[in-house]
Amino acid sequence: MELIDSHTHLDFPDFDADRQALLAKSRALGVKRMVVLGVYQRNWQRVWDLVQSDAHLYAAFGLHPVYLDEHRPADLTELAGRLTRLAGHRQLCAVGEFGLDYFLETLDRERQQTLFEAQLQLAADFQLPALLHVRRSHAAVIATLKRFKLKRAGIIHAFAGSREEAREYIKLGFKLGLGGAPTWPQALRLHKVIADLPLESVVLETDSPDMAPAMYPNQRNSPAHLPAICSALAPIMAISPEQLAAASTANACEVFNW
Ligand SMILES: [Zn+2]
């Protein structure tokens, strides 16, 4: 079974003690390629240095809405500069992580929207897919995406929306990222939604070190858990783990042009 982890934060200090061993273990389990996402200016170089150390790691750079108060206008300029310098590099795979977070009420929505649109424009300009964080903000994200009409679309990471929202994203060309959240038995609403998703719209992810799956509760999440996540989600979708692995790998390859 070959899997791609389409969303990780493997540069985080959580992995400093055993990163190489964990990469080796994940590869042995079939998780060969992994995407590492930048979330603020101060981790971009760390992300790039990490992916440069391993030919099967890929980088995305973005300004995550949860860190809104840390981002400065100059960061957007630096993001554009970084994308310009790295344009065409095989290990630059997307713009992200960015998006809208309406769950945390302290985050100014107008400033989030401005930053969201600026990064959508960068994804369009550099013809890269967008890896999006969407929390309690599907209506605003969908309305914005309808205006931007990104040619390469991207991934709605950790999708937990409704059937209707899924349909809108799919119409816009987006894939839906599934990871630890729907492995929990109490995620009944989400189970119903993912049971109906077209197989060609699904990609797997862990969001390591976050979003621990039900099989490894209260632990640091890691790409080595992706095969177990695949095996837990496949029956909900009434398919075999092999089918889900093959489809999600093909879908991720389509998003990233691999
Ligand atoms: Zn993330």
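Above this text is the structure in question.
If you're wondering where the values come from, they're calculated on a predicted model, not measured in any experiment.

Colleague: Would you take a moment to explain the layout of surface pockets for this structure?
Modeller: Empty space among the atoms becomes apparent when a probe as large as a water molecule is rolled across them. Approximately 440 Å³ is the volume attributed to the largest pocket. Taken together, 20 residues form the lining of the largest pocket, with His133, Arg135, His157, Asp207 and Met211 sitting closest to its centre. Secondary-structure elements contributing two or more residues to the lining of the largest pocket are strand 5 (130-135) and helix 7 (188-195). In terms of residue count, the dominant contributor to the lining of the largest pocket is strand 5 (3 residues). In terms of residue class, the lining of the largest pocket is made up of 10 nonpolar, 5 polar and 5 charged. Roughly 200 Å³ of volume is contained in the second largest pocket. Considering the residues around the second largest pocket, the lining is formed by 13 residues, among which Gly88, His89, Leu92, Leu128 and Arg152 are closest to the centre. Here the residues of the lining of the second largest pocket are counted per class, giving 8 nonpolar, 3 polar and 2 charged.

Colleague: Explanation requested: helix 7 in the structure shown.
Modeller: Given 3.6 residues to a turn, an α-helix orients residues that are three or four positions apart in the same direction. Every buried residue of helix 7 is listed here: Leu190, His191, Val193 and Ile194. Projection of helix 7 onto a plane perpendicular to its axis shows the buried side chains occupying an angular sector of 165°, all on one side. Residues of helix 7 that are exposed and point over 90 degrees away from its buried face: Leu188, Arg189 and Lys192.

Colleague: Please clarify how the coordination of the zinc ion should be interpreted in this entry.
Modeller: Ideal geometry at a metal centre gives angles of 109.5 degrees when four donors are arranged tetrahedrally and 90 or 180 degrees when six donors are arranged octahedrally. The zinc ion binds to the protein through His7 (NE2), His9 (NE2), Glu97 (OE) and Asp207 (OD); the donor distances cover 2.1 to 2.7 Å. One can describe the site at the zinc ion as irregular: its 4 donor atoms subtend angles covering 86 to 174° at the metal. Histidine 7 sits in the buried class, given a relative accessible area of 1%.

Analysis parameters
Residues numbered from 1 in each chain as written. Predicted model: local features only at pLDDT ≥ 70, side-chain atom pairs only at ≥ 80, totals over all residues. Heavy atoms only, no water. 1 Å grid on protein atoms, 1.4 Å probe; cavity = no way out; pocket = protein on both sides within 12 Å on 5 of 7 lines; lining within 4 Å. Points joined across faces, edges and corners; volume = space filled by probe spheres on them. Helix = DSSP H or I, 4+ residues; strand = E, 2+ residues; numbered from the N terminus. Nonpolar A, V, L, I, M, F, W, Y, C, P; charged D, E, K, R; others polar. Buried < 20%, exposed > 50% of the residue type's maximum accessible area, 1.4 Å probe, protein only. Arc of directions from axis to C-beta. Donors = N, O, S within 2.8 Å, 3.2 Å for Na, K, Ca; no water. Tetrahedral: all angles 85-135°; square planar, octahedral: opposite > 155°, others 65-115°.

Nothing here speaks to function; it is all geometry.
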